[in-house]
Amino acid sequence: MEKHTPSEKNKQSLVFISCLLITFCMGSIHAFSTLIENIELQINAGRMASSLIYSTGLISVTAAVFFGHTIYRKLSPSRIITLIAALPLIGVFFTNSSSWIGWMVGYGFFFGFASGLGYGFSLYAVSSITSNKKLGLALGAITASYAFGAVIFSMLYPLLFSYVEFKTGYLIGVVILSTLVVIGLILFRLANISLISETNSISKNPNLQAKIIKLWFIFFLGVFAGLMTIGHAVPIINASGGSSAIAITAISLMAFGSGIAGIYAGWLADRFGCKRPILAILIINSLALLSLITFTSISLLLILLILIASLYGALIAIYPTLVNQIFGPDYSTWAYGRIFTSWGFAGLVSPSLAGWLFDQYGNYNSSLLFAFILSIIAGLMIWSLKYDIKDSTQ
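1. Overview of the nonpolar core
Argument step 1. In this structure, M26, F219 and Y319 are the most contacted members of the largest nonpolar core, which totals 122 residues.
Argument step 2. When residues in this core are grouped by element, the largest group, 17 residues, is from helix α13 (residues 298-327).

Right under this line is the structure:
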């Protein structure tokens, strides 16, 4: 009997679908807001202690992306995906202890690292199999899938908790996402495709190091507003007279808008390059932040928050393509791992700073003004950025 093997195009499709599944499931770590109140009841702790669990998760995500280039070189794709599926399940053994340290280890470290590993590996794998002409759309879709995972699991967890106790519901959620990752593993193995092996280092090249530093600051300044408004969307809406129902709806629409914008931004990057779309994103972002300070209408407030979240999604979707164009496929994972630490740093600083400024002045105007200034600086920096596009996979 003749054995049929997938064509090269079908192999690439299998890898792409596999990575979409992986990032979708690993994006669920950002559905933490639907878990936080139950965690506080379970561990008998306050908001500061429970929030630290999520902050630890963000650090773990960042660490996994940072060390990703080494992991991808040391382990086969099958072992990496198996690890992504296994770590959240291992984490459940710790969270089942119903203690703060258990959630820190199980969710903050194990699930957080799995999430970053899944996200970073998917960007690496898709970059390896996608031509330069379609790279922006492909990476935009991967990042969008990560955002959609947060949206869907934010709806799934409350549904589960309405039928079963919190501990059981969380276990079911983790089993579902790990099962989907295993399906992704099967698809990846069926593809039987080789990825780029990145073994080169650019750590001693001063010109490229300077570009990494500049891109780090642009990314930090650019995502600052998005992370701040996403983290404080509910209190911003409440402070403007909006109800809890409006706030919950806004959070869902912000996450959905972030995902859709990521796909569209990737499409724009393929047609116009990365620099012009990013500059447009930052200009619109600055105008939206300024409008948030100026206008008080709750309807306009919701539109502006969704717009800022969408622009944030567009920026984080297009940035891996920018890094790939500047450093080329052989170095982009190494470079992006270092640049991505700016996202982790912004994720820790921006919500905390916004909270502190709110305590000082009793409103969010000072926080929004600060984010507006940073967005303007990011726009000026990206405008001054000069680079040649490196060859990518054909």
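2. With respect to a nonpolar patch on the surface
Argument step 1. Together, L137, I263, Y264, W267 and F272 line one region of the surface with nonpolar side chains, adding up to about 450 Å² of accessible area.
Argument step 2. At 4 residues, helix α11 (residues 244-272) tops the list of elements feeding residues into the nonpolar patch.
Argument step 3. Position of F272 among the secondary structure elements: in helix α11.
Argument step 4. The class of F272 is partly exposed, set by a relative accessible area of 44%.

3. Some remarks on the confidence of the model for the chain
Detailed reading of the predicted coordinates is not advisable wherever pLDDT falls low.
Argument step 1. For the chain, per-residue confidence averages 86 on the pLDDT scale, and 93% of positions sit at 70 or higher.
Argument step 2. Ranking the helices and strands of the chain by mean pLDDT puts helix α5 (residues 77-95) first, with 95, and helix α10 (residues 233-239) last, with 76.

4. Focus on the environment of A191
Argument step 1. Among the structural elements, A191 can be located in helix α8 (residues 166-191).
Argument step 2. According to the relative accessible area criterion, A191 is buried, its value standing at 0%.
Argument step 3. Sequence separation between A191 and S7 is 184 residues, and the spatial gap between their C-alpha atoms is 9.0 Å.
Argument step 4. Ignoring sequence-local partners within four residues, the contact set of A191 consists of K11, L14 and V15.

5. A word on the packing of aromatic side chains
Argument step 1. Enumeration over the complete set of coordinates arrives at 32 aromatic pairs.
Argument step 2. Seen from their ring centres, W103 and F166 are 5.8 Å apart, and the 20° between their planes marks the pair as stacked. Here the residue W103 occupies a position in helix α6 (residues 100-129), and F166 occupies one in helix α8, the gap between them amounting to 63 residues. Summarising the burial analysis for this pair, W103 and F166 share the class buried.
Argument step 3. Aromatic pair W216 and F345: ring centres 6.2 Å apart, planes at 35°, arrangement tilted. Separated by 129 residues along the polypeptide, W216 in helix α9 (residues 206-231) and F345 in helix α15 (residues 341-361) bring together distant segments of the chain.
Argument step 4. Ring pairs connect the aromatic residues F24, F32, Y54, W103, Y107, F111, F153, Y157, F161, F166 and Y170, which therefore count as one cluster.
Argument step 5. The ring of F66 has R338 sitting right over it, with the charged end atom 4.5 Å from the ring centre.
Argument step 6. One cation-aromatic arrangement involves R338 over W334; the distance from NZ or CZ to the ring centre is 4.1 Å.

6. Things to note about the packing of helix α7 (residues 135-161) against α8
Argument step 1. Where α7 contacts α8, the two axes come as close as 8 Å, and the packing angle between them is 140°. Judged by the inter-axis angle, α7 sits oblique to α8. Judged by the sense of rotation from one axis to the other, the crossing of α7 with α8 is right-handed. For the pair α7 and α8, the contacting residues are F153, L156, Y157, L160 and F161 in the first and F166, G169, Y170, I172, G173, I176 and L177 in the second.

7. Looking at the packing of α13 against helix α14 (residues 332-339)
Argument step 1. Following both chains from N to C, one finds α13 and α14 inclined at 135°, their axes separated by 9 Å at the closest point. By the angle between their axes, α13 is oblique relative to α14. As α13 packs across α14, the resulting crossing turns out to be right-handed. Here I316, Y319, P320, V323, N324 and F327 of α13 lie close against α14, whose contacting residues are S332, A335, Y336 and I339.
Argument step 2. Its residues placed into classes, the contact of α13 with α14 shows 8 nonpolar, 2 polar and no charged.

Cut-offs used in this document
Residues numbered from 1 in each chain as written. Predicted model: local features only at pLDDT ≥ 70, side-chain atom pairs only at ≥ 80, totals over all residues. Heavy atoms only, no water. Core = buried A, V, L, I, M, F, W, Y, C linked by side-chain atoms within 4.5 Å. Buried < 20%, exposed > 50% of the residue type's maximum accessible area, 1.4 Å probe, protein only. Helix = DSSP H or I, 4+ residues; strand = E, 2+ residues; numbered from the N terminus. Patch = residues over 30% accessible without salt bridge, like charges linked within 9 Å, V, L, I, M, F, W, Y side chains within 5 Å. Areas by Shrake-Rupley, 256 points an atom, 1.4 Å probe, with all protein chains shown as cover. Salt bridge = Lys/Arg side-chain N within 4 Å of Asp/Glu carboxyl O. pLDDT = per-residue confidence, 0-100. Contact = heavy atoms within 4.5 Å. Phe/Tyr/Trp six-rings, centres within 6.5 Å; stacked < 30°, edge-to-face > 60°. Lys NZ or Arg CZ within 6 Å of the ring centre and 35° of its normal. Axes fitted to C-alpha atoms, helices over the stretch in contact; angles between N-to-C directions. Parallel < 35°, antiparallel > 145°, perpendicular 65-115°, else oblique. Left-handed = near helix turned anticlockwise from the far one by under 90°. Nonpolar A, V, L, I, M, F, W, Y, C, P; charged D, E, K, R; others polar.

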